[in-house]
Amino acid sequence: MITVFLEGQLGAHLSKEWKLGVRTVSDALRAIQANTGNFLGSVIRNKNQYVVMVDGQPVENTASLHMKVKKSIHIIPVLAGGAVFWPAFIKAVAAVTKF
């Protein structure tokens, strides 16, 4: 069981904390999408940029989205002018929406 934390507007509109029986970031995204029906759509529609942190480390490429999560995932909005790991996150969203 891992904990997914949705920060910013995502956390305000959905639940801020999710306890999920998943193993990877992509599995967590699918689970949240299945339970909300609007999670991925809101991310794409708002074109928000996020940093994804897995067990305290930033996800820097799409391969990291498939590694095993031990404890937690944090999806954090990036402030304007901040460093962005957006390409990995948007690829994960695109992969999840294909199923």
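Residues numbered from 1 in each chain as written. Predicted model: local features only at pLDDT ≥ 70, side-chain atom pairs only at ≥ 80, totals over all residues. Heavy atoms only, no water.

Description of the overall build of the protein
Working step 1: Counting its secondary structure elements, the protein contains 4 helices and 5 strands.
Working step 2: In sequence order, the protein lays out its α and β elements as β-α-β-α-α-β-β-β-α.
Working step 3: Across the protein, contacts joining residues at least 24 apart in sequence account for 62% of those joining residues at least 6 apart.
Working step 4: Carbon and sulfur atoms make up 54% of the accessible area of the protein, which totals about 5600 Å². (Helix = DSSP H or I, 4+ residues; strand = E, 2+ residues; numbered from the N terminus. Contact = heavy atoms within 4.5 Å. Areas by Shrake-Rupley, 256 points an atom, 1.4 Å probe, with all protein chains shown as cover.)

Description of the environment of valine 51
Working step 1: Assignment of secondary structure puts valine 51 in strand β3 (residues 50-54).
Working step 2: For the pair valine 51 and isoleucine 75, spaced 24 residues apart in the sequence, the C-alpha separation amounts to 5.9 Å.

A closer look at the sheet that holds strand β2 (residues 17-20)
In a beta sheet, neighbouring strands are held together by backbone hydrogen bonds and run either parallel or antiparallel to one another.
Working step 1: Spatially, 5 strands are ordered β2-β1-β5-β3-β4 in an open sheet, and the strand pairing comes out mixed. Edge positions in the sheet fall to β2 and β4 (57-58), since each of these pairs with one other strand and no more.
Working step 2: With respect to the sheet, helix α2 (residues 25-36) is in contact with β1 (2-6), β2, β3 and β5 (72-77), its orientation differing from that of β2 by roughly 110 degrees. (Pairing = 2+ DSSP bridges. Axes fitted to C-alpha atoms, helices over the stretch in contact; angles between N-to-C directions.)

Some details on α2
Working step 1: Between its first and last C-alpha atoms α2 spans 16 Å; for 12 residues at 1.5 Å apiece the expected length is 16 Å, and the two agree.
Working step 2: Directly after α2, the chain includes glycine 37, whose backbone phi takes a positive value near 75 degrees. (Expected span 1.5 Å × (residues − 1).)

Some points on the confidence of the model for the protein
Working step 1: Looking at the protein, the pLDDT average stands at 78 and 70% of residues meet or exceed 70.
Working step 2: Model confidence for the protein, summarised as mean pLDDT per element, is weakest for helix α4 (residues 86-97) at 57 and strongest for β2 at 95. (pLDDT = per-residue confidence, 0-100.)

Describing the nonpolar core
Working step 1: In terms of nonpolar packing, the biggest core is built from 21 residues, with Val4, Leu6, Trp18, Leu20, Val25, Ile73 and Ile75 touching the most fellow members.
Working step 2: Tallying contributions element by element places α2 first for this core, with 5 residues. (Core = buried A, V, L, I, M, F, W, Y, C linked by side-chain atoms within 4.5 Å. Buried < 20%, exposed > 50% of the residue type's maximum accessible area, 1.4 Å probe, protein only.)

Quick notes on the pattern of salt bridges
Any two side chains of opposite charge can pair if their charged atoms end up close together.
Working step 1: In the structure shown here, the tally under the stated rule is 3 salt bridges.
Working step 2: Between lysine 16 and glutamate 7 there is a salt bridge; the shortest N-O distance is 3.6 Å.
Working step 3: Note on lysine 16: relative accessible area 48%, which makes it partly exposed.
Working step 4: Residues aspartate 27 and arginine 30 are paired through a salt bridge, measuring 3.5 Å at the closest nitrogen-oxygen approach. A residue pair is termed a helical-turn pair when its members lie 3 or 4 positions apart in one helix, as aspartate 27 and arginine 30 do in helix α2 at 3 residues.
Working step 5: Judged by relative accessible area, arginine 30 falls into the partly exposed class, the value being 29%. (Salt bridge = Lys/Arg side-chain N within 4 Å of Asp/Glu carboxyl O.)

Here we look at the side chain of threonine 3
Working step 1: Structurally, the position occupied by threonine 3 is in strand β1.
Working step 2: For threonine 3, a relative accessible area of 10% puts it in the buried group.
Working step 3: The residues contacting threonine 3, other than those within four sequence positions of it, are Glu17, Trp18, Lys19, Lys71, Ser72 and Ile73.

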